Amino acid sequence: MEEGQRDILECARYLASRGWAEAGAGNISIRTKQIGIHNTNAIPINYPAKPSLAIYATRSGSNFRLMAEDDVSSVVVGEDGQSITHDFKHGKPTSELSTHLLLQSHFADKNSLAIVHAHLTNLVAATNVFRSEQELNEAVFCHTEMPLLVPGGIGLVPVITPGSIEIAQATLKKIKQGKTCVAWACHGIVAIAENLLGATNIIEAVEKACEIALKVKSAGGKTIFVEQL
């Protein structure tokens, strides 16, 4: 097993231990170098991806709590940018592959990129309470770690069908605005960083800030906006 695959396994198990990847929820990808694919069956894609882009990604439906070596494998975009091949022995890449490939393609000039999607309990609750992007950010920037780890604020996209190209495009639009994490309303979060540690740090800060904001609101108080500290 390659180092990148081991890193994904470790990250997945940590997310599951925190309750952020129930059942088959959650998905992860990291950039890797061009590698050989043993499975030559091509799968067409209906969205633009960087030709020859190579990533490690989690398998669709994989259980992060029970993550095994076979649940992480390589995905390579074809030279035409219109198909992918993968090395999963059983199953196929994550159902959110369009989000991973659109974001990985957008940052193809960078040496590395890690993308983590998880179902954060307090974040999902917060998007039910704070409905607009501005309201959400004003609430969760009550925690002093937020300006440090999420200086561009949290992007927010409305409820969109999971696994669709539409949710991938909406996420990419927010990333192009300078966001490093995007909340999917009533669903979860997508965080990006140079490595999995950085993406996980963002996720932890956002989840804690959402928990604080919800507790303050439930107590009848109002959060203090600390963005300028």
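Attention here is on the structure that accompanies the text. (Residues numbered from 1 in each chain as written. Predicted model: local features only at pLDDT ≥ 70, side-chain atom pairs only at ≥ 80, totals over all residues. Heavy atoms only, no water.)

## Topic: unusual backbone geometry
Part 1: Although it is not a glycine, A23 adopts a positive phi angle of roughly 50°.
Part 2: The residue A23 is located in the loop between α1 (3–17) and β1 (27–31) in this model.
Part 3: Located in the positive-phi region is S52, a residue other than glycine, with phi close to 70°.
Part 4: Turning to its location among the elements, S52 is positioned in the loop between β2 (43–44) and β3 (54–58).
Part 5: Exposure remark for S52: the relative accessible area of 33% places this residue in the partly exposed category. (Helix = DSSP H or I, 4+ residues; strand = E, 2+ residues; numbered from the N terminus. Buried < 20%, exposed > 50% of the residue type's maximum accessible area, 1.4 Å probe, protein only.)

## What about the sheet that holds strand β6 (residues 114–118)?
Part 1: The 9 strands lie next to each other as β2-β5-β4-β3-β1-β6-β9-β8-β7, forming an open sheet whose pairing is mixed. Edge positions in the sheet fall to β2 and β7 (155–157), since each has one partner strand and no second.
Part 2: Where β1 and β6 come together, 4 bridges link them in antiparallel fashion. Bridge pairing in β6 links S29 to I115.
Part 3: Strands in contact with α1 are β1, β3, β4 (72–77) and β6; relative to β1, the strand with the most contacts, it is inclined by about 155°. (Pairing = 2+ DSSP bridges. Contact = heavy atoms within 4.5 Å. Axes fitted to C-alpha atoms, helices over the stretch in contact; angles between N-to-C directions.)

## Details of the pairing of strand β9 (residues 188–193)
Part 1: The element β9 is extensively covered by neighbouring structure, given that 6 of its 6 residues are classed as buried.
Part 2: Of the two faces of β9, both are covered, the one formed by G188, V190 and I192 as well as the one formed by I189, A191 and A193.
Part 3: Bridge count for β6 against β9 is 5 bridges, and the pairing is antiparallel. Across the sheet, A118 pairs through a bridge with I189, a residue of β9.
Part 4: Bridging between strand β8 (residues 181–184) and β9 involves 4 bridges; their strand directions are antiparallel. The residue of β9 that forms the bridge with C181 is A191.

## Things to note about the nonpolar core
Considering soluble globular proteins, one finds that nonpolar side chains tend to be buried as a cluster.
Part 1: L15, I28, V140, M146, I154 and V206 are the most contacted members of the largest nonpolar core, which has 46 residues in total.
Part 2: Elements that contribute at least two residues to this core include exactly α1, β1, β6, α3 (121–129), α4 (133–140), β8, β9 and α7 (196–218).
Part 3: Here this core takes 10 residues from α7, the largest share from any one element.
Part 4: Beyond its immediate stretch of four places on either side in the chain, I28 contacts I8, C11, A12, L15, Y56, A57, T58, F64, H100, I115, V116 and L196.
Part 5: Counting 28 residues, the second-largest nonpolar core is a separate cluster that includes Y47, I55, I115 and W184. (Core = buried A, V, L, I, M, F, W, Y, C linked by side-chain atoms within 4.5 Å.)

## A word on the packing of helix α2 (residues 97–106) against helix α6 (residues 165–176)
Part 1: At their nearest, the axes of α2 and α6 sit 8 Å apart, and the two run at 30° to each other. With respect to α6, the element α2 is oriented roughly parallel. Considering how the two elements wind past one another, α2 and α6 form a crossing that is right-handed. Of α6, the residues touching α2 (which contributes S98, T99, L102, L103 and H106) are I165, I167, A168, Q169, T171, L172, I175 and K176.
Part 2: Residues of the contact of α2 with α6, tallied by class, amount to 7 nonpolar, 5 polar and 1 charged. (Parallel < 35°, antiparallel > 145°, perpendicular 65-115°, else oblique. Left-handed = near helix turned anticlockwise from the far one by under 90°. Nonpolar A, V, L, I, M, F, W, Y, C, P; charged D, E, K, R; others polar.)

## A look at the packing of α1 against α7
Part 1: One can describe the packing of α1 onto α7 by two numbers: an axis separation of 11 Å at closest approach and a directional angle of 15°. Judged on the interaxial angle alone, α7 and α1 are roughly parallel. When the axes of α1 and α7 are compared, the crossing they make is right-handed. Side by side, α1 and α7 meet where D7, I8, C11 and Y14 of the first sit next to L196, T200 and E204 of the second.
Part 2: A per-class count over the contact of α1 with α7 returns 4 nonpolar, 1 polar and 2 charged.

Keep in mind these values describe shape, not function.
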